[in-house]
Amino acid sequence: MPIMENTREQSLQPEHLAALDFFGDFNDAELKELIPYLELCRYHPDEGVIFGEDLRRKGIQIIVAGEVDVVKRVGEEEGIVLATLQRGDIIGEASMFDDSPHTATVETSQEALTISIPRDTYYVLVEEKPHLAVKIANQAASVLSVRLHQSNETVYMYAMWSRSLSQNIPESFWHWQDMQSRESLTTHDLDTPPEEDQ
């Protein structure tokens with residue numbers, strides 16, 4: 001039973017959590033225990049950034065409605081959209097393990113609703129309900145593992161693409177590049193006065 005976007009004041013219920021894969025290992029009693037430690041967050045498109053690149057991690061969020069974009073800044077340019085995340089996807093999962101800065105920005109492209117577990121609240125959970133905290137950490141680690149695997153696959157594909165590209169460049173290009181380098185060195189030699197004998 002998904003949380004509807006038009007129910008702003010609706011409180012979380014175990015069935016809402018059970019419908020999300022992240023909470024798949026929790027039984028009904030555990031979900032009821034967990035609910036007081038969760039926050040329901042609604043973001044509007046005009047709010048823009050959920051969290052920014054280079055800002056300290058403050059918690060994990062599970063998307064329950066809407067979409068968000070993961071954006072990587074490139075200098076002063078607008079940035080590249082790395083992924084668009086939807087219901088059931090996780091953001092900020094590494095915050096369960098450290099508070100180092102985010103490596104990308106997450107922005108709202110439309111109204112979005114998330115369930116948040118702030119870092120400070122998670123530490124309270126560790127003290128008060130360690131059995132729940134362990135399950136949260138395990139789920140976050142699982143998400144990290146999947147994303148690391150995906151990153152490795154992406155790096156491999158780009159490496160293979162780069163190798164294929166270099167192998168298919170005509171020999172004439174490499175000859176031209178070599179001639180350009182030789183010409184540059186010759187010009188440099190002509191412009192540089194000879195060293196005086198000591």
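It should be noted that the structure appears before, not after, this text.
Residues numbered from 1 in each chain as written. Predicted model: local features only at pLDDT ≥ 70, side-chain atom pairs only at ≥ 80, totals over all residues. Heavy atoms only, no water.

Draft legend 1. Region of the structure containing the side chain of R42. Here R42 shows up in strand 1 (residues 39-43). Residue R42 is classed as buried on the basis of its relative accessible area, which comes to 17%. In terms of polar contacts, R42 uses its side chain to reach the side chain of E111, at 2.9 Å. (Helix = DSSP H or I, 4+ residues; strand = E, 2+ residues; numbered from the N terminus. Buried < 20%, exposed > 50% of the residue type's maximum accessible area, 1.4 Å probe, protein only. Polar contact = N/O pair within 3.5 Å; in protein donor to acceptor, adjacent residues only side chain to side chain.)

Draft legend 2. Structural context of the packing of aromatic side chains. Here the structure, examined in full by the defined rule, presents three aromatic pairs. Both rings, one in F22 and one in F23, keep their centres 5.2 Å apart while their planes meet at 80°; by these two values the pair is edge-to-face. Given a relative accessible area of 3%, F22 falls into the buried group. Arranged with centres 5.9 Å apart and planes meeting at 65°, the rings of F23 and F26 form a pair that is edge-to-face. Note on F23: relative accessible area 1%, which makes it buried. Taken together, the aromatic side chains of F22, F23 and F26 make up a single cluster linked through ring pairs. A cation over a ring is seen here: K135 above F26, with NZ or CZ 5.5 Å from the ring centre. (Phe/Tyr/Trp six-rings, centres within 6.5 Å; stacked < 30°, edge-to-face > 60°. Lys NZ or Arg CZ within 6 Å of the ring centre and 35° of its normal.)

Draft legend 3. Highlighting the sheet that holds strand 1. Here four strands make up an open sheet; going across it, the order is 1-8-3-6 and the pairing antiparallel. Across the chains shown, the open sheet's two edge strands, defined by having one partner strand only, are strand 1 and strand 6 (90-91). Sheet analysis places strand 3 (residues 59-65) next to strand 6, joined by two bridges and oriented antiparallel. Bridge assignment links I62 to a residue of strand 6, and that residue is I90. Across the sheet, helix 3 (residues 119-128) lies against strand 3 and strand 8 (112-118), angled at about 50° from strand 8, the strand it touches most. (Pairing = 2+ DSSP bridges. Contact = heavy atoms within 4.5 Å. Axes fitted to C-alpha atoms, helices over the stretch in contact; angles between N-to-C directions.)

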